[in-house]
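Commentary on secondary and tertiary structure
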Amino acid sequence: MNKGKQIASIALSTLVLTAWSVISWTILPFHSNSLNNLNKQVVDIKAMQGLMPSGVYHYPGLPTNNSKENWDKLEEQLKTGPRITLMVYQDGGSSLFDLKSFAVNVLFNLITSGLLVLAITLAASKKTLTIITMVFIIGLIVCFSKSLPFLVWFKFPISFIIPDLVDTVVSFLLVGMLLNYTNKI
């Protein structure tokens, strides 16, 4: 693929990814039907503002002491509920759809598109492309298309996103090494 086609492919792919995310999140009911609001009686805003910093929380939480007894208590508590798997709390103000978040998301779409075109170009060129490299590129695509947008749209803190990115990249590298090895046997 020549440079002009690559640039055009990246630009058009970015446009398609961005357009679809706008349609998916603002026009179609996919996400609005799957996100539920917490009842106002459940949330004590004044208490939260004084008790907890911005971050990702879960309830009832994991035991701070790793004893079997504490894990057994947690298992019992989970049987009756309630359980909140993930709750992102941001102390202070924010906006729902700001231009900065949209611009960063377009940048993530641009990087995703660039990685897709790179993978296709490398595979089509028949140059030496290891399985490890291809699987690593796919892992990066997952990072930029799924994990990083949570940073801008749902205000997940970077301290939560970085381990998720590391998990994704490391797991894809390990699978790439495995597939590279099994491909040689």
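Structure: see above.
Described in the following lines is the structure provided in the data block.

As for the packing of helix H6 (residues 131-147) against helix H8 (residues 158-184)
Relative to each other, H6 and H8 sit at 155 degrees, their axes nearing to 8 Å. With respect to H8, the axis of H6 lies roughly antiparallel. Regarding H6 and H8, the two cross each other, and that crossing is right-handed. Judged by residue contacts, Ile131, Ile132, Val135, Phe136, Ile138, Gly139, Leu140, Val142, Cys143 and Ser147 of H6 engage Ile161, Asp164, Leu165, Thr168, Val169, Phe172, Leu173, Gly176, Met177, Leu179, Asn180 and Asn183 from H8.

Side note on a nonpolar patch on the surface
A cluster of nonpolar side chains, contributed by Ile158, Ile162, Val166, Val170, Leu174 and Met177, occupies part of the molecular surface with about 520 Å² of accessible area. Relative to the helices and strands, Leu174 resides in helix H8.

Notes on the environment of Ile158
Tracing the sequence through the fold places Ile158 in helix H8. Filtering out sequence-adjacent residues up to four positions away, Ile158 remains in contact with Leu151 and Pro163.

Focus on the pattern of salt bridges
Evaluated as defined, the whole model comprises three salt bridges. Lys79 is the partner of Glu76 in a salt bridge, and the nearest nitrogen-oxygen pair spans 3.0 Å. Placement of the pair is Glu76 and Lys79 together in helix H4 (residues 68-80), with a separation of three residues, close to one helical turn. Exposure remark for Glu76: the relative accessible area of 47% places this residue in the partly exposed category.

Points about unusual backbone geometry
Of note, the bond from Tyr59 into Pro60 is cis; its omega dihedral lies within 30 degrees of zero at 15 degrees. Mapping Pro60 onto the fold places it in the loop between strand S1 (55-59) and H4. Each neighbour pair has its own omega, and for Gly81 with Pro82 the value is -5 degrees, a cis peptide bond. Note on placement: Pro82 falls in the loop between H4 and strand S2 (84-89). A positive phi angle, near 60 degrees, is found at Lys155, a position not held by glycine.

Description of the packing of aromatic side chains
Within the structure shown, the criterion is met by five aromatic pairs. On the basis of an interplanar angle of 65 degrees and a centroid distance of 5.2 Å, the ring pair of Phe156 and Phe160 is categorised as edge-to-face. Its relative accessible area of 12% is what places Phe156 among the buried residues. By relative accessible area, which is 30% here, Phe160 ends up partly exposed. Taken together, the aromatic side chains of Trp25, Phe150, Phe154, Phe156 and Phe160 make up a single cluster linked through ring pairs.

Basis of the calculations
- Residues numbered from 1 in each chain as written.
- Predicted model: local features only at pLDDT ≥ 70, side-chain atom pairs only at ≥ 80, totals over all residues.
- Heavy atoms only, no water.
- Axes fitted to C-alpha atoms, helices over the stretch in contact; angles between N-to-C directions.
- Helix = DSSP H or I, 4+ residues; strand = E, 2+ residues; numbered from the N terminus.
- Parallel < 35°, antiparallel > 145°, perpendicular 65-115°, else oblique.
- Left-handed = near helix turned anticlockwise from the far one by under 90°.
- Contact = heavy atoms within 4.5 Å.
- Patch = residues over 30% accessible without salt bridge, like charges linked within 9 Å, V, L, I, M, F, W, Y side chains within 5 Å.
- Areas by Shrake-Rupley, 256 points an atom, 1.4 Å probe, with all protein chains shown as cover.
- Salt bridge = Lys/Arg side-chain N within 4 Å of Asp/Glu carboxyl O.
- Buried < 20%, exposed > 50% of the residue type's maximum accessible area, 1.4 Å probe, protein only.
- Phe/Tyr/Trp six-rings, centres within 6.5 Å; stacked < 30°, edge-to-face > 60°.

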